[in-house]
Amino acid sequence: MTGTETETPRRGARGALRQPPEVRAMFDRIVRRYDLMNRLMSLGRDVAWRRLAAREALAGGARQVLDVATGTGDLALELARQGAPRVVGADFSRGMLQLAADKIRGRGASIRLLQADAMALPFPDGAFDACTVAFGLRNMPDYEAAVVEMSRVLRPGGRLVVLEMTPLRVPVLRTLFRWYFDRLVPLIGGLISGDRDAYRYLPTSVSAFPPAEELAAIMTRAGLAPVRYQYLMMRTVALHVGVKPGTTPR
């Protein structure tokens, strides 16, 4: 649930509700309790979601994987655990990357971390077999441009896997979920992290994010085909998978 950096979005583009410097400062502030809040907000299900995202990324035999908005490194670690020979984790928050580095050292994983702007990734075209982003696209200043940029670094046949919160449309569930997200999450987040404002931002950022079918259309416009998605946790989370057309000889 981390973000990107400073590139100016296109005029009229849909993107994060706050400017990149604000988002980065927010994640730097909450890093110490970030993992704990993820477990609490998802009722512990975020671990299984990342496991599923990693399986989807590696299903095509990917050997080199880029995890964008890697945060504290949970998805990068899961990719390595599932056998990816080379994993690169990129994020714009120095605090998040420092915690990710500590976790990676503690587990003996071989993962390269770097501070980078997700809107202008420092890699050549076609550098990776797969690219993942978990709970990070929502914080980028231009959703469509971010998807295009992540697609750019994929080889033909490579996979883009997006795990993200999605606006809930089922009326009864939406009322319950909004109460939980708008009232309970900021309260708990404030008590645990000391930063209630950060956990007020979260529900508003989800409400403003494109619904699953619209995100699938964004991925298709970026040149990915086929694109498919599945809902998780009563349709509050969606996992999208898009494939870059073509094949790369191995």
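Structure shown above.
Scoring rules and cut-offs
Within each chain, residue numbers correspond to sequence positions counted from 1 in written order. Per-residue local features of the predicted model are confined to residues with pLDDT of at least 70, and side-chain atom pairs are confined, for both listing and counting, to 80 or more; whole-chain, interface and lining totals are unaffected and use all residues. With hydrogens and water excluded, all non-hydrogen atoms of the structure serve as input to the side-chain values. Numbered from the N terminus, helices here are DSSP runs of H or I no shorter than four residues, and strands are runs of E no shorter than two. Here the radius of gyration uses the C-alpha set of atoms, whereas the globule reference equals 2.2 Å times the residue count to the power 0.38. Per-residue accessibility, obtained with a 1.4 Å probe over protein chains only, is compared with the maximum for each type, and a residue is labelled buried under 20%, exposed over 50%, and partly exposed between these values. Two residues qualify as a contact provided that any one of their heavy atoms is within 4.5 Å of a heavy atom in the partner residue. Throughout, the Shrake-Rupley method with a 1.4 Å probe supplies accessible areas, and for residues the shown protein chains are the sole cover considered. In summary, the charge assignment counts Lys and Arg as positive and Asp and Glu as negative, without counting His or the chain termini. Charge positions come from single atoms, namely NZ of Lys, CZ of Arg, CG of Asp or CD of Glu. Buried Ala, Val, Leu, Ile, Met, Phe, Trp, Tyr and Cys residues that are joined via side-chain atoms within 4.5 Å together make up what is termed a nonpolar core. For Phe, Tyr and Trp, where Trp contributes only its six-membered ring, two rings pair if their centres lie within 6.5 Å, and the inter-plane angle classes them as stacked under 30 degrees, edge-to-face over 60, or tilted in between. Here, a charge over a ring means that NZ of Lys or CZ of Arg falls within 6 Å of the ring centre while also lying within 35 degrees of the ring normal. Here, a salt bridge means any side-chain nitrogen of Lys or Arg that lies within 4 Å of a carboxyl oxygen of Asp or Glu. The rule for pairing is simple: two strands pair if DSSP sees at least two bridges between them. Orientation is described by axes fitted as lines to C-alpha atoms, over the contacting stretch for helices, and by angles from 0 to 180 degrees between their N-to-C directions. Expected helix span is taken as 1.5 Å per residue step, with the number of steps being one fewer than the number of residues.

Turning our eyes to something else, we now look at the overall build of the chain. Counting its regular elements, the chain contains nine helices and seven strands. Here the C-alpha radius of gyration of the chain, 17 Å, is about what a compact globule of 250 residues would show, namely 18 Å. Projected onto its principal axes, the C-alpha coordinates of the chain cover approximately 50 × 40 × 35 Å. By the burial criterion, 54% of the 250 residues in the chain qualify as buried. Within the chain, residue pairs in contact and separated by at least 24 positions form 73% of the contacts whose partners lie at least 6 positions apart. If you sum the accessible surface of the chain, you get close to 10900 Å²; carbon and sulfur atoms cover 54% of it. The centroid of the 36 positive side-chain charges in the chain is displaced by 4 Å from the centroid of its 24 negative side-chain charges.

If you look at the biggest cluster of nonpolar residues, it comprises 45 residues, and the most contacted ones within it are Met41, Leu79, Leu163, Phe181 and Tyr199. Here this core takes six residues from helix α3 (residues 46-58), the largest share from any one element. Residues within four places of Tyr199 in sequence aside, it is in contact with Ile30, Tyr34, Met37, Met41, Val185, Pro186, Gly189 and Ser193. Membership of the second largest hydrophobic core comes to 30 residues, among which are Val133, Ala146, Leu215 and Met219.

Let us look at the packing of aromatic side chains. Overall, the coordinates contain five aromatic pairs when judged by the stated rule. Measuring from centroid to centroid gives 5.0 Å for Phe123 and Phe128, while their planes differ by 90°, and the two rings are edge-to-face. Overall, the relative accessible area of 1% leaves Phe128 in the buried class. With centroids separated by 5.7 Å and ring planes inclined at 85°, the aromatic side chains of Tyr229 and Tyr231 adopt a geometry described as edge-to-face. Lying over the aromatic face of Tyr231, Arg235 brings its terminal NZ or CZ to 3.9 Å of the ring centre.

It is worth spelling out the pattern of salt bridges at this point. All chains considered together, the criterion is met by 17 salt bridges. The partner of Glu214 in a salt bridge is Arg14, and the shortest N-O contact between them spans 2.5 Å. With Glu214 in helix α9 (residues 212-221) and Arg14 in the segment before α1 (20-30), this pair connects stretches of sequence that are 200 residues apart. Look at Arg14 and you get partly exposed, because its relative accessible area is 36%. Arg50 serves as the salt-bridge partner of Asp46, at 2.6 Å between the closest nitrogen and oxygen. Linking Asp46 with Arg50, this pair stays in helix α3, spanning four residues, or about one helical turn.

In space, the seven strands of this open sheet follow the order β3-β2-β1-β4-β5-β7-β6, with mixed pairing throughout. Every other strand in the sheet has two partners, leaving β3 (111-115) and β6 (227-232) as the edge strands with one partner each. Strand-to-strand twist of the sheet, defined as the mean angle between neighbouring strand axes without regard to direction, takes the value 15°. One ladder, built from five bridges, connects strand β1 (residues 64-68) with strand β2 (residues 86-91); its direction is parallel. Looking across to β2, one finds that Leu66 is bridged to Val88. Sheet contacts for α3: β1, β4 (128-134), β5 (154-165), β6 and β7 (237-243); angle to β5, the most-contacted strand, approximately 165°.

Let us look at helix α5 (residues 94-107). With 14 residues, α5 should cover 20 Å at 1.5 Å per step; its first-to-last C-alpha distance of 20 Å lies within 8% of that length. Among the residues of α5, Gly95, Met96, Leu97, Ala100, Lys103 and Ile104 are the ones counted as buried. If you follow the buried residues of α5, they end up packed against α1, α2 (34-41), α4 (74-81), β2 and β3. Gly108, located one to two residues past α5, shows a positive phi value of around 70°.

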